[in-house]
Each structure stands twice: as structure tokens, then as C-alpha cells.
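Secondary and tertiary structure notes
Residue strings, one per chain:
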Amino acid sequence: MPVTADGLPETATHGDPGPPPGLVVVGRYDERPGYSVQRPRGADSWLLTWTVGGRGTLRQGRTETGAGAGDLVVLAPGTPHRYGVQQGADHWEFWWVHCGARPSWTAWLGPHGRGDGLYVVTPDSPNSPDSPDSPNSPHSPGPADSGADGPRARIEAAFHRMLADARWTGTGTPPETAPPASAPTDDRVAVAVAHGTTARELALCALEEVVLLTTGAARGTRTGTGVDPRVQCARELIAADPGAPHTVRSLAAEVSLSPSRFAHLFTRQLGRSPMRELREARLNHAARLLESTDLSVERVAAASGFASPFHFNRVFRARYGTPPGAYRTTGPMVGT
């Protein structure tokens, strides 16, 4: 008998084995104290939860973790688990997904394993001691730190898109997002089951975006290097768009430092100036374009931020030992 969203209970009952691994089931719950799910034999599929608000507690085998806003907690199949509203919390609002995991996800989640098939991906939040706007940090936040909760808005949008994609029948125009009117009147429970191949794959693509965004922005993935957060922010701005017209002044403004203070701090910490970092990033970008596109050398130079093809040719040859045109036929050398 096929599983449908209408056939699913509002909350899983004690001993419920969960959906079979071939299905993709996504939902959003806002549960009150007393909510708890226990599966003595575990689930047949992977379970991913992402907390929107409140607090939850999840246990897999002998490993237990709390979950707060922004935490992605993943439970692998086949191990006894239980989860529910954390004791003392007034509610737990969270997205959840039962599905089969794509092979690449285990590598991304691996560094966040806690044991017994439980993975906890914690956001690098403003409240982290390593964050530049933490009360314990001597660094003051700049405009680059003032995004709308970092990737959280995009993660939330991905879940809404997943919910909409799971409901799509495969006919008509694909939905762009889950319409607010589709939520139940109490706005506490929303569940969808993706049956068709197209709906399943679209839903899994949205979930893959969630896994990438959470693991990419997780606490510990960008800390522990001893690099000042403002210097690291400037490096990321350069790496994200090396062809942009970056200057010492523009980068300094992004991290709320004076140009002289920024240049001194950057050079002291990395052993090279901001403009040297920018030139290296532009040359690497140009090399990748030469390897992967058929753009002319002039267009590669322009796309990489070099105003003069002659200057580009000279610095590229100095860096890679061969002019750009010849480099295209000699094989990749980026990173050497």
C-alpha cells in the first residue's frame, strides 16, 4: 500500500520504523513539551533534522546531542534512536527529512560525526567565541558580517522549495516555493511525500543544497587557523570574485578597518599584501578558465580582472613559466 502524506500521523508513534528508504518524506513540525519519538530498531532510511527554533534532543545508539536554531542533526539508518523536545524547552520547531542519502553526503558529513551514525553540524554563529561579533571577541563586526543570519535564510528557502517539489505531481508548471496557504491552519505541521522520480530528485537536490550550506558554514570548518576573522573575510571576498575591482580601500571598508590598518594586519598575518593575494587569485582563476573554456586569452584576462592583456601575459608567464596561449596545451598547473 503506498504511503501518502494524508496517511502519515502528525507525530510518529513509539516504535514507528519510519518511511521506507525509497521514499523522500519532508515535513516541518513545531512540537510542545512531551513530544518524543523512539525507534528501538532505528529507521530504514536516513533522518535529517534542521532546527528552526526552540530546543530538541536526539539520541542515536549511545550518542546524544542537543539541537538549537541552525543545527543540522543527521541520523544514519539501522541504529536505535529517539528524539523529542528537550527537557525544559517550551517547544521544538524543526524541519525533518526521511530519505536515502546520496553517496557524496557522507564525505561532507564525515568531519561532523559524533559516533553511532550521528552527525551534528553546528553553524558558525555570531554567538560563537570565534565570531568577530561575539561579546568575547576583540573584533568589531563589519558590513560583511551583517548578512541575514548568514546562510540560514537560504537554507530555510531550500526546505520550503523541497516541500513544494515533493508535492509536485510532475504535470503543469513546477512550483517555485511552498505557498503559505498550503500550511495547516495551526501552522504547526506540514508534510509532503515525493512519489514521482522527478519530484524525488528535485527534493533531493534541495536537500543537497542544505547539506552543502550547513557543512560549508559550520563551526570549525573555517576556524582554528589563527587568522583574524577580518583577514579571513577579505580573503573570501577575493576568492569569491577575483575579477572584481578590489582595492585595499574597498576590502578594508568591507571589514570596517582603515586601509593602512587593514593592509598591515593582512600582511602581518599572511606574509603577503592584499594586492599580492589578489594577483595570485586572479592568476589561478585565469588558469582555470584556460583549462576549462575556449575563451580567447584577451577575454580570459578581462574576466580575471586584468585590464591589459600585455600585463596579463607577462605576470602569467612569470607565475606558470609559460604564456597563457601555450599553457592551454600543456595541462593543468594550478596550485603548483
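Here the structure is a predicted model, which is why all the values come from computation and not from measurement.

Enumeration according to the criterion identifies 15 aromatic pairs in this entry. Both rings, one in Tyr29 and one in Tyr35, keep their centres 6.4 Å apart while their planes meet at 85°; by these two values the pair is edge-to-face. Summarising the burial analysis for this pair, Tyr29 and Tyr35 share the class buried. Clustering of aromatic rings is evident, with ring pairs tying together Tyr29, Tyr35, Tyr83, Trp92, Phe94 and Trp96.

Let's shift gears to the sheet that holds strand β5 (residues 63-67). Spatial ordering of the open sheet is given by β2-β7-β4-β5, a layout of four strands whose pairing is antiparallel. Two strands in the sheet have a free side with no partner beyond their single neighbour: β2 (36-39) and β5. Ignoring strand direction, the axes of neighbouring strands in this sheet form an average angle of 10°. Across five bridges, strand β4 (residues 56-60) lies against strand β7 (residues 81-85) in antiparallel orientation. From the neighbouring strand, Arg59 faces β7, where its bridge partner is Arg82.

Counting across every chain of the model gives 13 salt bridges. For Glu208, the salt bridge is made with Arg102, and the minimal N-O distance between the two is 3.2 Å. With Glu208 in helix α3 (residues 197-216) and Arg102 in the loop between β8 (92-99) and α1 (103-109), this pair connects stretches of sequence that are 106 residues apart. Here Arg102 falls in the buried class, since its relative accessible area comes to 18%. Here the salt bridges share partners, and the residues they tie into one network are Arg28, Glu93 and Glu156.

What follows covers the environment of Met275. Positionally, Met275 belongs in helix α7 (residues 274-292). In this structure Met275 comes out as partly exposed when scored by relative accessible area, which is 34%. With near-sequence residues (within four places) excluded, Met275 lies in contact with His246, Thr247, Val248 and Leu251.

Looking at the secondary structure, you find Ser304 in the loop between α8 (297-303) and α9 (309-320). On the accessibility criterion, Ser304 (0% relative accessible area) is buried. Here the side chain of Ser304 touches Ala286 through a polar contact of 3.5 Å, landing on its backbone nitrogen. Ignoring anything within four residues of it in the chain, the contact list for Ser304 reads Pro242, Gly243, Arg282, His285, Ala286 and Leu289.

This part is about the confidence of the model for the protein chain. Across the protein chain, the average pLDDT comes to 82, with 79% of residues at or above 70. Long-range and interchain partners of residues 1-11, a stretch whose pLDDT sits below 50, account for 19 contacts in this model, where long-range means more than four residues apart. Contacts for the low-pLDDT stretch residues 126-148, under 50 throughout, to residues beyond four places or in other chains number 34 contacts.

Right, let's talk about α9 for a bit. An ideal rise of 1.5 Å per residue puts 16 Å on 12 residues; α9 measures up with 16 Å between its terminal C-alpha atoms. Among the residues of α9, those classed as buried are Phe312, Val315, Phe316 and Tyr320. Axial view of α9: buried residues confined to an arc of 115°, hence all on one face. Structural note: α9 exposes Phe310 and Ala318 on the side pointing more than 90 degrees away from its buried face. Those residues of α9 that are buried are in contact with α7, α8 and α10 (324-330).

Relative to the assigned elements, Thr51 resides in strand β3 (residues 46-54). Looking at Thr51, its side chain comes within polar contact range of the side chain of Trp92, at 3.1 Å. Excluding residues within four positions of it along the chain, Thr51 makes contact with Ala67, Gly68, Ala69, Gly70, Asp71, Trp92, Glu93 and Phe94.

Take the pairing of strand β1 (residues 24-31) next. Counting buried residues in β1 gives eight out of eight residues, a clear majority hidden from the surface. Bridging between β1 and β8 involves seven bridges; their strand directions are antiparallel. The partner of Arg28 across the bridge, within β8, is Trp95.

Calculation notes
- Numbers given for residues are sequential positions, taken from 1 along each chain in its written order.
- Where local features are concerned, this predicted model is filtered to residues with pLDDT of at least 70; where side-chain atom pairs are given and counted, the filter is 80 or more; whole-chain, interface and lining totals use all residues.
- Hydrogens and waters are ignored; side-chain quantities use all the structure's heavy atoms.
- Centres within 6.5 Å are what make two rings of Phe, Tyr or Trp a pair, Trp counting through its six-membered ring; a difference in plane orientation under 30 degrees is then read as stacked, over 60 as edge-to-face, and the rest as tilted.
- Accessibility here uses a 1.4 Å probe with only protein chains present; expressed as a share of the type maximum, an area under 20% marks a residue as buried, one over 50% as exposed, and anything in between as partly exposed.
- Two strands are counted as paired when DSSP detects at least two bridges linking them.
- Numbered from the N terminus, helices here are DSSP runs of H or I no shorter than four residues, and strands are runs of E no shorter than two.
- All axes here are fitted lines through C-alpha atoms, helices being fitted over the stretch that makes contact, and every angle between N-to-C directions spans 0 to 180 degrees.
- Salt bridges, as used here, are contacts in which a Lys or Arg side-chain nitrogen is within 4 Å of a carboxyl oxygen on Asp or Glu.
- Here a residue-residue contact requires only that any non-hydrogen atoms of the pair lie within 4.5 Å.
- Distance and chemistry together define a polar contact, namely a pair of N or O atoms within 3.5 Å, with one atom able to donate a hydrogen and the other to accept it when in protein, and with adjacent residues in sequence counting only for side-chain atoms on both sides.
- pLDDT is a per-residue confidence score from the predictor, ranging from 0 to 100.
- Expected span of a helix: the number of residues minus one, times 1.5 Å.
- The directions from the helix axis to the C-beta atoms form the arc being described.

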